[in-house]
Amino acid sequence: MIEKGEIGPSDDSKARTKILVEEFSWDRIDAGRLWTFGPEGSGPNILVNTTKGVQNLETIQDSLMTAFNWTTKEGAICGEQWRGVRLNVVDALIHSDAVHRGGPQIIPAGRRCFYATQMSASPRLQEPMFLAEITAPREAMKGVYQCLGQRRASLQEENQVSGADMMQVKAYLPVAESFGFTAHLRSLTAGQAFPQCVFDHWAILTGCLLYT
């Protein structure tokens, strides 16, 4: 909903709290203590203050928000941006001397702390996926399936075109596999297949990143 613009930092706090509570089962108090979105104050990640009775927390709020925005823009895995993450600030022990709780002290420490939460949460990379629609004669379908199989595509639908001896298939194709896709497909179908690709969604890459 954040990426669609249905929830964002410019929303009325009461309306946003209502959505988070009713549609996502958030605690109402937590929803009202949402600090920021990230990265850049508007991304699909959220920092929430769930602490109770922490002294001087307000003096480091801006620094933690800066660290959060920096971390969500350049994560610990390949420097990639975070998506769909909620971080809770649950406790803090803050130095009583203001000299020791300025931005130069808090931002790097906060960033390392946020990195640690990412690495301890079984992180995954996501890749963009195209929805490929391919129209081809029935006799050319073998080449279509061969091409899709060689490019990690996932077949979703297969339908006959009404009134013609043509087939239309829909498949999810990783964007990384789309380079040269049209030429490859046409070479395997004697130029009889006609593809069209549009961005559809993000998909999680399988496997553990820490052991590959």
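For clarity, every value in this text was computed on a predicted model and none was experimentally measured.

Novice: Mind showing me how you'd approach the pattern of salt bridges here?
Specialist: If the charged atoms of two oppositely charged side chains come close together, the side chains can form a pair. Taken as a whole and assessed by the stated rule, the structure comprises seven salt bridges. The residue R152 makes a salt bridge to E127 at a minimum N-O spacing of 3.1 Å. Taken as a pair, R152 in the loop between α5 (141-150) and β5 (154-160) and E127 in strand β4 (residues 126-137) lie far apart in primary sequence, 25 residues in all. Judged by its relative accessible area of 12%, E127 is buried. Note that E177 and R152 form a salt bridge whose closest N and O atoms lie 3.1 Å from each other. Of this pair, E177 sits in the loop between β6 (166-174) and α6 (181-188) while R152 sits in the loop between α5 and β5, placing them 25 residues apart in sequence. Residue E177 is classed as partly exposed on the basis of its relative accessible area, which comes to 23%.

Novice: Honestly, unusual backbone geometry in this entry has me stumped. Any pointers?
Specialist: When glycine is set aside, most residues are seen to have a negative phi, and most peptide bonds are trans. Here the residue pair G38 and P39 is connected by a cis peptide bond, since its omega of 0° sits within 30 degrees of zero. With respect to the element layout, P39 can be found in the loop between β1 (34-38) and β2 (45-49). Even without being a glycine, N56 presents a positive backbone phi close to 65°. By secondary structure assignment, the location of N56 is in the loop between β2 and α3 (61-73). The class of N56 is partly exposed, set by a relative accessible area of 25%.

Rules used throughout
Residues numbered from 1 in each chain as written. Predicted model: local features only at pLDDT ≥ 70, side-chain atom pairs only at ≥ 80, totals over all residues. Heavy atoms only, no water. Salt bridge = Lys/Arg side-chain N within 4 Å of Asp/Glu carboxyl O. Helix = DSSP H or I, 4+ residues; strand = E, 2+ residues; numbered from the N terminus. Buried < 20%, exposed > 50% of the residue type's maximum accessible area, 1.4 Å probe, protein only.

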